[in-house]
Amino acid sequence: MISASILTYDNDLVTSRQQNQVEKEQQRRRLRVHLQTHGFKLYFSTGGHKRGTYWPHFSLELGTGFISTGWMELLKHFKKKLVLVFITALFLFLVFTVKTPSTYNSIPKPSGPPSACSMRISEQTITPLNNTKHLLVSAYMDQRVKDFDIRIIGIFRRDSIQPLHCFFCCTGYLSKTTPATILQHPDNFGFPFVTTDVMCQIPQNCNATHVTLLTTPDKESPSTDQWLPIRNKDTVGQKEENMQFDFTVCISNLFGDYNNVLQFAQTLEMYKLLGVNRVVIYNTSCGPELNRLLQSYSNEGFVEMVPWPIDKHLNPSRGWLHSEHGGDLHYFGQLTTLNECIYRSMERSRYVLLNDIDEIIMPYQHDDLMSLMNTLRNQHPNAGVFLIENHIFPKKHFEPSGRFHLPQWNGVPGINILEHIYREDPARNVYHPYKMIVRPRMVEGTSVHEVIKNFGERYKVPLDVCRIIHVRVALQGSLTLEQLNVDKRLWDFQEKLIPNVDKVLKRVGMLNLT
């Protein structure tokens, strides 16, 4: 017997297990009798189950009547068989699709309107506001102030303030507008642009995901408007002890060609030893070696780099006072980035340190920051702002033994803070700046050296408990070496600090191994 398989047909249509089995078996018998008279054998089987259904299979085989001695006769016979196979396949297709109802029907997705605000969601850290001279930075859920739900952080031109209206993207639809309350920060230092908070109330029954501002109420948002995602929406209310980080350092901004690599590496490694989990840096520009170091820390997850292209929108000042330095905005937007960092960290970090890139908030009676804060919190449970006194270590004075003038750091740009142990006493007869450790949930707004609005008490930490180590140009340049204090607090960490700095410098290819 010569047998040749001429077709195996796998029908992918889903059929019901509960259809009339008697009717189906009768159809099969009639089909089997019809095919057998033409020399075919027909086999039915059921395939594997899928999602509660089964897949019908059938095959046709040639019988013994298909034997032929001539190729021409074989081909003629084969053509007839192919026609019959095609008719059979068509018949079965109709049987299993038209006459057999399905009991498994996938539920179609609702054909409602597309996402209402998906057309223009801003992915920038600075977003121009249409029809104004203002810039928007970010939006956060903030229900600490009565009658408000959202705080939008922005940079507004002071002489062009106009009524604005909050416009929300709710789940599946656009809301009606609600009036915006515009709050300019008090510290503008004479510059035409100022850090500004815009407070909004979410309309009733709106599950808001994005927000923007309009100059006209109850107007459909044009396609050019950019939506800001509402942050902290899903984390509001979690307990402090469950937050992702204990300590976050906010470094307001980098600009120009700043390239103080060695001091920055030492500062970050010192903060690691003190228990800091995250450092947030707003970066406009910096030197090439420092940029390489920052990228390495960013890849590690310790540094969060926030692009800050303020120079693409304004003429930012390199100084703090408009009358002396000119420009549109104080210190490349330092006040805006400090406030943005507080809100960025509000639902993920128990404490936030607000200081410059060349400053270390150093405990003097504790081995780490958590021990310090546990003591201060026990003594001052209602305090949300802890003011730390700034102390200058003039970089022109060096420790005489040279024990920390290490050869592997030769050629690394920047200051070696271990070599500078002489500290100025602050001049008490003039304004003396502080930096801060804050509990971010208890702060509403901040300036550089003090908060402008908070919900708890403020406490000035005694300098023998904690102070800032700030290695820089002397603030009181007339002081002699004998008039300075010897302060070797950094040396208490040198056994761990030096190898850690070596490791990170080696990782970025800047360690001198010769």
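Rules and cut-offs
- Residues numbered from 1 in each chain as written.
- Predicted model: local features only at pLDDT ≥ 70, side-chain atom pairs only at ≥ 80, totals over all residues.
- Heavy atoms only, no water.
- Buried < 20%, exposed > 50% of the residue type's maximum accessible area, 1.4 Å probe, protein only.
- Helix = DSSP H or I, 4+ residues; strand = E, 2+ residues; numbered from the N terminus.
- Pairing = 2+ DSSP bridges.
- Axes fitted to C-alpha atoms, helices over the stretch in contact; angles between N-to-C directions.
- Parallel < 35°, antiparallel > 145°, perpendicular 65-115°, else oblique.
- Contact = heavy atoms within 4.5 Å.
- Nonpolar A, V, L, I, M, F, W, Y, C, P; charged D, E, K, R; others polar.
- Core = buried A, V, L, I, M, F, W, Y, C linked by side-chain atoms within 4.5 Å.
- Salt bridge = Lys/Arg side-chain N within 4 Å of Asp/Glu carboxyl O.
- Phe/Tyr/Trp six-rings, centres within 6.5 Å; stacked < 30°, edge-to-face > 60°.
- Lys NZ or Arg CZ within 6 Å of the ring centre and 35° of its normal.
- Disulfide = S-S within 2.5 Å.

K.L.:
Any chance you could explain the pairing of strand 7 (residues 165-170) here in plain terms?
P.N.:
Side-chain direction in a regular strand flips from residue to residue, so the side chains alternate between the two faces of the sheet. Among the six residues of strand 7, six are classified as buried, and the element is accordingly described as predominantly covered. Here strand 7 shows no split at all, with His165, Phe167 and Cys169 on one side and Cys166, Phe168 and Cys170 on the other all buried. The sheet contact formed by strand 7 and strand 9 (residues 178-179) spans two bridges and is antiparallel. By the bridge assignment, histidine 165 is partnered in strand 9 with proline 179. By the bridge criterion, five bridges tie strand 7 to strand 12 (residues 210-214) in an arrangement that is antiparallel. Looking at strand 12, one finds that phenylalanine 167 is bridged to threonine 212. Taken together, the two bridges between strand 7 and strand 8 (residues 173-174) define a ladder with antiparallel strand orientation. Residue cysteine 169 lies in a different strand from strand 8, and its bridge partner there is leucine 174.

K.L.:
What's the story with the packing of helix 3 (residues 261-274) against helix 4 (residues 288-300) in this structure? I'm lost.
P.N.:
A pair of packed helices is characterised by two quantities: the angle between their axes and the separation of those axes. Relative to each other, helix 3 and helix 4 sit at 20°, their axes nearing to 9 Å. Classified by the angle their axes make, helix 3 and helix 4 are roughly parallel. On helix 4, the residues that touch Val261, Phe264, Ala265, Leu268, Glu269 and Lys272 of helix 3 are Glu289, Leu290, Leu293, Leu294, Tyr297 and Glu300. Here the residues of the contact of helix 3 with helix 4 sort into eight nonpolar, no polar and four charged.

K.L.:
Hey, could you run me through the side chain of arginine 278 in this one?
P.N.:
Within the fold, arginine 278 resides in strand 15 (residues 278-283). On the basis of relative accessible area, arginine 278 is assigned to the buried category, the value being 15%. Other than its neighbours up to four places away in sequence, arginine 278 contacts Phe245, Phe247, Thr248, Val249, Gly301, Phe302, Val303, Glu304 and Arg348.

K.L.:
Mind showing me how you'd approach the nonpolar core here?
P.N.:
The nonpolar side chains of soluble globular proteins are, as a tendency, buried together. Phe264, Val279, Leu293, Met362, Trp409, Ile437 and Leu505 are the most contacted members of the largest nonpolar core, which totals 67 residues. Considering every element that reaches this core, the biggest residue donor is helix 3, with eight residues. Excluding its chain neighbours within four sequence positions, the residues that come into contact with tryptophan 409 are Leu262, Gln266, Phe404, Asn416, Leu418, Ile498, Val501, Asp502, Leu505 and Leu511. In terms of nonpolar packing, the next biggest core, distinct from the first, is built from 33 residues, Val137, Leu354, Met436 and Val438 among them.

K.L.:
Teacher, can you tell me more about the pattern of salt bridges here?
P.N.:
When the charged atoms of two side chains lie near each other, side chains of opposite charge can form a pair. Counted according to the given criterion, the structure contains 26 salt bridges. Put simply, arginine 144 and aspartate 142 hold a salt bridge, and the shortest N to O gap is 2.8 Å. Aspartate 425 is paired through a salt bridge with arginine 423; the nearest N and O atoms lie 3.8 Å apart. A relative accessible area of 40% places aspartate 425 in the partly exposed class. Classification of arginine 423 as buried rests on a relative accessible area of 9%. Members of the salt-bridge network, linked through shared partners, are Arg231, Arg278, Glu304, Glu340, Arg344 and Arg348.

K.L.:
Looking at this structure, I do not really get the packing of aromatic side chains. What am I missing?
P.N.:
By convention here, two paired aromatic rings are described through the distance between centres and the angle between planes. Across all of its chains, the model carries eight aromatic pairs by this definition. With a centroid separation of 5.9 Å and an interplanar angle of 35°, the aromatic rings of tyrosine 140 and tyrosine 343 are classed as tilted. You can see tyrosine 140 sitting in strand 5 (residues 135-141) and its partner tyrosine 343 sitting in helix 6 (residues 334-345), a full 203 residues away along the chain. Under the relative-accessibility criterion, tyrosine 343 is labelled buried at 2%. Judged by centre distance (5.6 Å) and plane angle (85°), the ring pair of phenylalanine 189 and tryptophan 320 falls under edge-to-face. Remark: tryptophan 320 occurs in the loop between strand 16 (303-307) and helix 5 (322-325) and phenylalanine 189 occurs in the loop between strand 10 (181-184) and strand 11 (193-200); sequence separation between them is 131 residues. The ring of tryptophan 491 has arginine 403 lying over it, and the distance from NZ or CZ to the ring centre is 4.9 Å. Above the face of the tyrosine 364 ring, arginine 467 is positioned so that its terminal group lies 4.4 Å from the ring centre.

K.L.:
How do you make sense of the state of the cysteines when you look at a structure like this?
P.N.:
What the rule picks out here adds up to three disulfides. Linked covalently through their sulfurs, cysteine 166 and cysteine 200 form a disulfide whose S-S length is 2.0 Å. Because the sign of the S-S torsion sets the handedness, a value of about -75° for the bond joining cysteine 166 and cysteine 200 places this disulfide among the left-handed ones. Of the two residues, cysteine 166 is situated in strand 7 and cysteine 200 in strand 11; the sequence distance between them amounts to 34 residues. Each of the two residues, cysteine 166 as well as cysteine 200, counts as buried. Residue cysteine 170 pairs covalently with cysteine 206 via a disulfide, S to S 2.0 Å. Every disulfide takes its handedness from the sign of the S-S torsion; for cysteine 170 and cysteine 206 that torsion is -100°, giving left-handed. Taken together, the residues span a long stretch of sequence, with cysteine 170 in strand 7 and cysteine 206 in the loop between strand 11 and strand 12 at a distance of 36 residues.

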